[in-house]
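Chain and residue survey
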Amino acid sequence: MFLPELRPHLFALLLALPLPAVALPSYGEVRAAHVPSEATLLARDGRPLHSLRLDMQVRRSPWTPLAEISPALIGAVIVSEDRRFMEHDGVDWPAAGKAAWSNFWGGRTRGASTLSMQLAGLIDDDGQRRGRRSIFAKISQSTAALRLEGFWSKRQIIEAYLNLVSFRGELVGVGAMSRQLFGKWPHGLDEREAALAAALLRSPNASPALVAKRACNLLKEMQRAAECAGLEGFASRTLSGAQAETATAPGEQLAPHLARKLLVAPGQQLRSSLDADLQRFANQALRRQLSALRQQNVEDGALLVIDNASGEILAWVGSSGDLSGAAEVDGATALRQAGSTLKPFLYALAFERRQLTPAALIEDAPLTLDTGNGLYAPQNYEPHYRGWVSARMALAGSLNVPAVKTLVRLGPEAFHQRLRQTGFSSLQQSGEWYGYSLALGSADISLLMLANAYRTLANAGQWSALRVVPGQGAGPIPCQRDGCAGVFAGPSRAVNTPASAFLVGDILADRNARAATFGLESWLATPYWSAAKTGTSKDMRDNWCAGWSRRYTVAVWVGNAGGSPMHDVSGISGAAPVWREVMDWLHRGDPGQGRPRLASRPPAAPAGLVRTRIRFEPAREPSRDEWFLAGSETPLVRAASASALARIAYPAEGSIIALDPDIPPQRQRVPLRLSATAEAGWRWRLDQQVLGPADSRLLWLPQPGKHRLHLENSRGETMDTVNFEVRALKGRRAAASR
C-alpha cells in the first residue's frame with residue numbers, strides 16, 4: 001500500500017533523476033504551435049468564406065477554447081481519465097502506488113497516468129499518441145507533469161489536452177471529433193455524446209459495441225444511466241461515419257475554386273478581396289437561374305464581379321455546386337467560345353481607325369467570303385437581314401454580318417493583336433488562323449479574361465491587372481496558365497482610346513439601339529446607367545452576359561462543363577437574368593436604413609468627341625444626336641458604296657497554291673477575287689508588277705514562289721495586301737520517268 005508520507009521523497013527522487021533537459025513550453029507556445037489541417041479563405045472583412053483541408057495525415061480543427069467546449073464532455077473526460085484531476089499536482093500518488101503494487105504482484109496492469117501526464121506526453125510527441133509505456137517514459141512524463149502543473153493552470157491543462165488528444169482514426173482534437181462524428185460544434189455535445197467521446201480516449205479504434213459498453217459504464221458513474229438506452233446503435237451509426245456526411249466545415253463554403261487556387265499550407269488564413277455578402281448572393285442568384293433552366297439541359301455557370309477602379313475581384317463563383325455534374329471545374333477560368341462578346345472590341349478598333357463612326361451604315365445582307373479553307377458565309381442569329389443599318393444599331397443589336405464586314409475592313413490580324421492587348425492571352429494562333437469568324441467569337445476565352453476586358457472599356461480603355469486580395473499590392477497570383485494567364489500580372493497599359501471606349505459604352509447602354517433585337521424592356525435595360533453585351537456560341541453550347549456600371553463590372557457564363565448544347569437558351573435568356581440580378585444587388589438602396597440607391601450616371605464624354613444632330617437619307621433610321629470623333633462628323637448619312645468593303649477575298653492570307661505539272665498551265669489560272677465590287681480605277685499589283693484592273697474578273701497565271709498581292713485604289717493607295725505561296729508538285733509523268 002502506498003504511504004502518503006513517502007510522497008515528498010518520491011517527488012524529490014523524480015526531480016533528481018538524470019532525465020533529458022527539455023524546455024517546458026508555455027501554454028501560449030503550445031496553442032500558437034497548433035496547426036489546423038485546414039486552411040481558410042477569408043472575406044475582405046475577415047469573415048470565413050471557405051475552408052480547405054490540406055493536411056491529409058490528420059484532421060485537426062482550429063484551437064477550441066475551454067469556454068466553447070461542452071461541460072458534459074469536460075466532466076466525462078475527467079471521470080474517465082483522471083478523477084482527482086482538480087486535487088493532485090500532476091501525479092496521482094495513490095493511483096500510482098496502487099498501480100505499482102498491483103504490477104509488482106503480477107496482478108492486472110493498472111494505469112495511473114493523469115491528464116497532466118498525458119498532456120506532457122502529447123506535447124513531447126508533437127500531438128501524437130505513440131503508446132510510450134516504459135518505466136523511464138512514465139518517469140519522464142511524471143516529471144514533466146509536475147513541472148507543467150507549476151506553470152500552467154488546470155483550465156489550460158484540460159483545454160490543451162482536449163485540443164491535442166487523438167479520438168479516433170485521423171481525428172485529433174475536440175473540434176475535429178465533434179464536427180466529424182456528431183456534426184455539431186463542441187459546445188453542443190450532450191451527455192451521451194460526451195460519454196462516447198470520452199470512451200474513445202483509451203481505445204480510439206475499438207469496435208462500436210465496446211465503445212458503447214464503456215460509455216454506458218461511464219454514464220452510470222455520472223448518474224446518467226438512463227442515457228444508455230439505444231447507445232450501442234447510436235455508437236454504431238456515429239462511428240461508422242453516418243454522421244460525418246452531415247458534418248460541414250466551419251462556416252459556409254462559398255468560394256471553393258478560388259480557395260483551391262490561393263490556399264497552399266495547413267493553418268493558413270488568407271484575407272481575399274471577396275465580399276462575403278455579395279459572394280453568397282451571387283451563388284444564390286446563379287443557382288436560382290440554373291434550377292429554372294434544368295429542363296433546357298443547363299447545369300453549369302460561373303460569375304465574376306470586379307471593382308472597376310481597384311481591379312479587386314468582389315465575387316468569384318466558379319460553378320453551380322451540387323447542381324453540376326462537374327462541380328470541380330472552375331467556369332471562371334475554363335476556356336469557352338466567346339460568341340458575340342468580342343464585338344465591342346472590334347467596333348472600338350474600327351472607331352479608333354476612323355474606318356467607321358457610330359452613324360456609318362453597313363449593309364446587313366447575305367455574305368460569302370473566300371478563305372484559305374473554303375467559303376465562309378456568316379449568318380445572323382435570327383434568320384433574316386435588315387439591309388443598311390448604322391454601326392450603332394449593328395453593335396447594340398448584335399448583328400453578325402455587319403460585324404464580319406467590319407472585320408473585313410480591319411483585317412483579322414489587326415483585330416487579333418488588339419484582343420491580345422486587351423488580355424485575351426488564350427488566342428495563341430495568328431489572326432489569319434482564326435479568320436473572319438473571329439468577329440463572331442470563334443476563339444476560346446475565359447470568363448476571367450472577358451470580365452477584365454469589359455472593365456478595360458469601363459476604365460476608358462486602360463487595362464490593368466486584377467487582384468484577389470484587398471489593398472494596393474497585386475497580391476497572390478492564383479494561376480498563370482489556361483484561362484488565368486496574364487490576368488493577374490502585367491503593367492497597366494492603354495488599349496483603347498478613351499473616345500472609342502466611350503463610344504462603345506454609349507452604344508451598349510442604348511436601349512433604343514438594341515430594341516429591334518431585344519425589345520425596349522429586357523434584362524439589359526437597367527434603371528441606372530449600365531452597358532452590357534450578350535453572346536451565344538455555336539450550337540448554344542455557351543452563353544454569356546458581360547457589362548459594367550460606373551463602379552462595377554459583372555460577367556456571367558451559363559452552359560455545360562461537358563460542352564453539351566443547351567436547348568433554346570441564348571445569352572439574353574440564360575446569362576443575362578443573373579447579370580441583372582447581381583447588378584441590381586450592387587446598386588440597391590436600403591430605405592429602412594436611409595441609404596439611397598447607388599448612383600450610376602452616364603460617364604462624361606472625353607476630349608476629342610463632338611455630338612452632332614444627324615439624319616439618314618433615305619430615312620432608314622430616325623434622326624438623332626450622335627457622337628463622332630472630331631473631324632468625322634456627318635450630319636447627313638447616306639449608304640456607303642459597296643466598294644467601301646472591298647478587300648482581297650482570294651487568295652487568302654497565308655494560302656499555299658499547288659501547281660500540278662500534269663495539267664496544262666493555261667488551265668491552272670488563279671482567280672483574284674474581292675469581298676465587294678471595286679470602284680473604277682482600282683487595280684491589282686503583284687509584287688512590283690501591275691496585273692490589271694480590280695473592278696473586273698482577272699485570272700492570273702501562277703508562278704512558283706512567295707508573292708505579295710496588293711489592292712490599290714485610283715490614287716495608288718494600298719487598300720489591302722495578302723501574302724501567299726505557289727508550289728509546283730511532282731507530276732505522275734515526271735515521277736515515272738525516274
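Numbers given to residues run from 1 along each chain, matching the order in which its sequence is written. Confidence filtering applies because this is a predicted model: local features only for residues at pLDDT of at least 70, side-chain atom pairs given and counted only at 80 or more, and all residues used for totals across whole chains, interfaces and linings. Hydrogens and waters are ignored; side-chain quantities use all the structure's heavy atoms.

1. Digging into the overall build of the protein chain
To be explicit about the condition: Secondary structure elements follow DSSP: runs of H or I of four or more residues count as helices, runs of E of two or more count as strands, with numbering from the N terminus. By the convention used here, residues are in contact when the closest approach between their heavy atoms is within 4.5 Å. Computed with a 1.4 Å probe, the accessible areas rest on the Shrake-Rupley method; for each residue, only the protein chains presented here act as cover.
From N to C terminus, the protein chain includes 23 helices and 30 strands. Counted over contacts in the protein chain with a minimum sequence separation of 6, partners at least 24 positions apart contribute 69%. When the accessible surface of the protein chain is split by element, carbon and sulfur atoms take 52% of a total near 33200 Å².

2. Thoughts on helix α7 (residues 154-164)
Helical periodicity: at 3.6 residues per turn, an α-helix aligns residues three or four positions apart in one direction. In plain terms, the rule: To sort residues, take the accessible area from a 1.4 Å probe on protein chains only and compare it with the maximum for the residue type: under 20% means buried, over 50% means exposed, and anything in between is partly exposed.
The buried fraction of α7 amounts to 9 of the 11 residues, a majority that puts the element mostly inside the structure. Residues of α7 that are buried: Lys154, Ile157, Ile158, Glu159, Ala160, Tyr161, Leu162, Asn163 and Leu164.

3. Some points on helix α3 (residues 71-81)
Stated precisely, the cut-off is as follows: Here a polar contact is recorded for every N or O atom pair within 3.5 Å, except that within protein the pair must consist of a potential hydrogen donor and a potential acceptor, and residues adjacent in sequence are included only if both atoms are side-chain atoms.
Among the 11 residues of α3, 8 are classified as buried, and the element is accordingly described as predominantly covered. Where α3 is concerned, the buried positions are Ala72, Leu73, Ile74, Ala76, Val77, Ile78, Ser80 and Glu81. On the buried face of α3, the contacting elements are α5 (115-124), α7, α8 (174-182), α9 (191-200) and α10 (208-221). The N-terminus of α3 is capped by serine 70, whose side-chain oxygen sits 3.1 Å from the backbone nitrogen of alanine 72.

4. So, the pairing of strand β21 (residues 624-629)
It is a general feature of regular strands that their side chains alternate between the two faces of the sheet. Here is the rule we go by: Strand pairing is assigned whenever DSSP identifies at least 2 bridges connecting the two strands.
In terms of residue burial, β21 counts as a mostly covered element, since 5 of its 6 residues are buried. Both strand β20 (residues 609-617) and β21 contribute to a ladder of 6 bridges, which runs antiparallel. In the strand pairing of β21, valine 610 is matched with phenylalanine 628. As consecutive antiparallel partners, β20 and β21 are separated by 6 residues.

5. Some words on the side chain of asparagine 452
Among the structural elements, asparagine 452 can be located in helix α19 (residues 447-458). Not counting chain neighbours up to four residues away, the residues in contact with asparagine 452 comprise Ile306, Trp463, Ser464, Leu466 and Val487.

6. Re the sheet that holds strand β5 (residues 171-172)
Pairing is mixed across the open sheet formed by 3 strands, whose spatial order is β3-β5-β4. Only two strands of the sheet have a single neighbouring strand rather than two, namely β3 (59-60) and β4 (166-168). Pairing analysis gives 2 bridges linking β4 to β5, with the strands arranged antiparallel. Bridge pairing links serine 166 to valine 172 in β5.

7. Some details on the state of the cysteines
Heads up, the rule is: Put simply, a disulfide is two cysteine sulfurs that come within 2.5 Å.
Within this structure, the stated rule accounts for 1 disulfide. The partner cysteine of cysteine 216 in its disulfide is cysteine 228, sulfur to sulfur 2.2 Å. Note on the cysteine 216 and cysteine 228 pair: the S-S dihedral is about 110°, so by sign convention the disulfide is right-handed. Here the residue cysteine 216 occupies a position in helix α10, and cysteine 228 occupies one in the loop between α10 and α11 (231-239), the gap between them amounting to 12 residues.

8. With respect to the packing of aromatic side chains
Formally: Stacked, edge-to-face and tilted labels apply to pairs of Phe, Tyr and Trp rings (six-membered ring for Trp) whose centres lie within 6.5 Å, assigned for plane angles under 30 degrees, over 60, and everything in between, in that order. Only Lys NZ and Arg CZ are tested; either one counts as a charge over a ring when it is within 6 Å of the ring centre and within 35 degrees of the ring normal.
By the definition in use, this model includes 12 aromatic pairs. With a centroid separation of 6.3 Å and an interplanar angle of 80°, the aromatic rings of tyrosine 27 and tryptophan 63 are classed as edge-to-face. With tyrosine 27 in helix α2 (residues 27-33) and tryptophan 63 in the loop between β3 and α3, this pair connects stretches of sequence that are 36 residues apart. Across this residue pair, the class does not change: tyrosine 27 and tryptophan 63 are buried. Lying across the ring of tryptophan 185, arginine 179 places its NZ or CZ 4.1 Å from the centre.

9. Comments concerning the environment of glycine 705
Within the secondary structure layout, glycine 705 lies in strand β29 (residues 705-712). For glycine 705, a relative accessible area of 26% gives the class partly exposed. It is 6.5 Å that separates the C-alpha atoms of glycine 705 and arginine 727, two residues lying 22 residues apart in sequence. Those residues in contact with glycine 705 that sit more than four places away from it in its chain are Phe724, Glu725 and Val726.

10. Observations concerning the sheet that holds strand β7 (residues 300-307)
Short version of the rule: The angle between two axes is taken between their N-to-C directions and runs from 0 to 180 degrees, where each axis is a line fitted to C-alpha atoms and a helix contributes only its stretch in contact.
Strand order across the open sheet formed by 5 strands is β8-β7-β19-β18-β17, with antiparallel pairing between neighbours. Each edge of the sheet is formed by a strand with only one pairing partner; in this case those strands are β8 (313-317) and β17 (531-536). Each strand of the sheet is rotated relative to its neighbour by a mean of 5°, with strand direction disregarded. Of the pairings in the sheet, the one linking β17 to strand β18 (residues 542-548) comprises 6 bridges and is antiparallel in character.

11. Digging into the confidence of the model for the protein chain
Operational definition: The score called pLDDT rates the predictor's confidence residue by residue, from a low of 0 to a high of 100.
Confidence in the prediction of the protein chain, expressed as mean pLDDT, is 85, and 85% of residues score 70 or more. Throughout residues 104-110 the model reports pLDDT below 50, and contacts reaching past four residues in sequence, or to other chains, amount to 7 contacts. For the stretch residues 732-738, pLDDT sits under 50, and the model shows 3 contacts to residues farther than four places along the chain or on other chains.

12. Things to note about the pattern of salt bridges
Close approach of charged atoms lets side chains of opposite charge pair. Here is the rule we go by: What makes a salt bridge here is a side-chain nitrogen of Lys or Arg within 4 Å of a carboxyl oxygen of Asp or Glu, nothing more.
Evaluation of the coordinates by the stated rule reveals 33 salt bridges. The partner of arginine 624 in a salt bridge is glutamate 626, with the nearest N and O atoms 3.0 Å apart. For arginine 624, a relative accessible area of 13% gives the class buried. Between arginine 685 and glutamate 712 there is a salt bridge whose closest N-O contact spans 2.8 Å. You can see arginine 685 sitting in strand β26 (residues 683-686) and its partner glutamate 712 sitting in strand β29, a full 27 residues away along the chain. Among the charged side chains, a network of salt bridges with common partners joins Arg392, Asp506, Asp510, Glu621, Arg624 and Glu626.

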